[in-house]
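# Topology and contacts: notes
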Amino acid sequence: QPDGRFIMWTEPSILMAVTEAFSKKFELEIAEADIVWSANEDTKAALESDESAGDLDALLAAIKEHPEVKGLYINVQQGIASEEAWEKVERHIDV
């Protein structure tokens, strides 16, 4: 990438092996290697009301206040929640 960063996808179980091999082969210093979980489309739970969307919005906002939280990836979809309520939840979801 233009900013000198690389994003690679691999199985979580081989993250360290891939990181070390990549670093050694290209003589790069690895600044960060993380496992990022992405939501599974087949198991997403639908929000059943604006109230449940509001509760989830509050929970996600509280979680994001912690500096050690790098991202939120959750299995949720709009369901019957209003567009306005869904947007409040969706703003917290990183992918």
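Owing to the predicted nature of the structure, the values given are computational and were not obtained by experimental measurement. (Residues numbered from 1 in each chain as written. Predicted model: local features only at pLDDT ≥ 70, side-chain atom pairs only at ≥ 80, totals over all residues. Heavy atoms only, no water.)

For the rest of this paragraph, the subject is a nonpolar patch on the surface. On the surface, Phe6, Met8, Phe26, Leu28 and Ile30 cluster together into a nonpolar patch covering about 450 Å² of accessible area. When you line up the elements, Met8 lands in the segment before helix 1 (15-26). According to the relative accessible area criterion, Met8 is partly exposed, its value standing at 39%. (Patch = residues over 30% accessible without salt bridge, like charges linked within 9 Å, V, L, I, M, F, W, Y side chains within 5 Å. Areas by Shrake-Rupley, 256 points an atom, 1.4 Å probe, with all protein chains shown as cover. Salt bridge = Lys/Arg side-chain N within 4 Å of Asp/Glu carboxyl O. Helix = DSSP H or I, 4+ residues; strand = E, 2+ residues; numbered from the N terminus. Buried < 20%, exposed > 50% of the residue type's maximum accessible area, 1.4 Å probe, protein only.)

On to the side chain of Asp57, then. Assignment of secondary structure puts Asp57 in helix 2 (residues 50-64). Apart from the residues lying within four places of it in its own chain, the contact partners of Asp57 are Lys88, Val89, Arg91 and His92. (Contact = heavy atoms within 4.5 Å.)

Looking now at the nonpolar core. Leu47, Ala53, Leu56, Leu60, Leu72, Val76, Ala81, Ala85, Trp86, Val89 and Ile93 together form the largest nonpolar core, which totals eleven residues. Elements represented by at least two residues in this core include exactly helix 2 and helix 3 (83-90). Sequence-distant contacts of Trp86, that is, excluding residues within four places in its chain, are made with Leu47, Val76, Gln77, Gln78 and Ile93. (Core = buried A, V, L, I, M, F, W, Y, C linked by side-chain atoms within 4.5 Å.)

What follows concerns unusual backbone geometry. One non-glycine residue, Glu27, lies in positive phi territory at about 50°. For Glu27, the location among the structural elements is in the loop between helix 1 and strand 1 (45-46). Residue Glu27 is classed as exposed on the basis of its relative accessible area, which comes to 72%.

Turning to helix 2, a few remarks are in order. The terminal C-alpha atoms of helix 2, which comprises 15 residues, lie 21 Å apart, in line with the 21 Å expected from a rise of 1.5 Å per residue. The inward-facing, buried residues of helix 2 abut strand 2 (76-77) and helix 3. Looking at where helix 2 begins, the residue whose side-chain oxygen comes 3.3 Å from the main-chain nitrogen of Glu51 is Ser49. (Expected span 1.5 Å × (residues − 1). Polar contact = N/O pair within 3.5 Å; in protein donor to acceptor, adjacent residues only side chain to side chain.)

Considered for burial, the residues of helix 3 that qualify are Ala85, Trp86 and Val89. Considered in projection along helix 3, the buried side chains sweep an arc of 100° and stay on one side of the axis. (Arc of directions from axis to C-beta.)

Mapped onto the elements, Thr19 comes out in helix 1. Excluding anything up to four places from it in sequence, Thr19 contacts Ile30 and Ala33.

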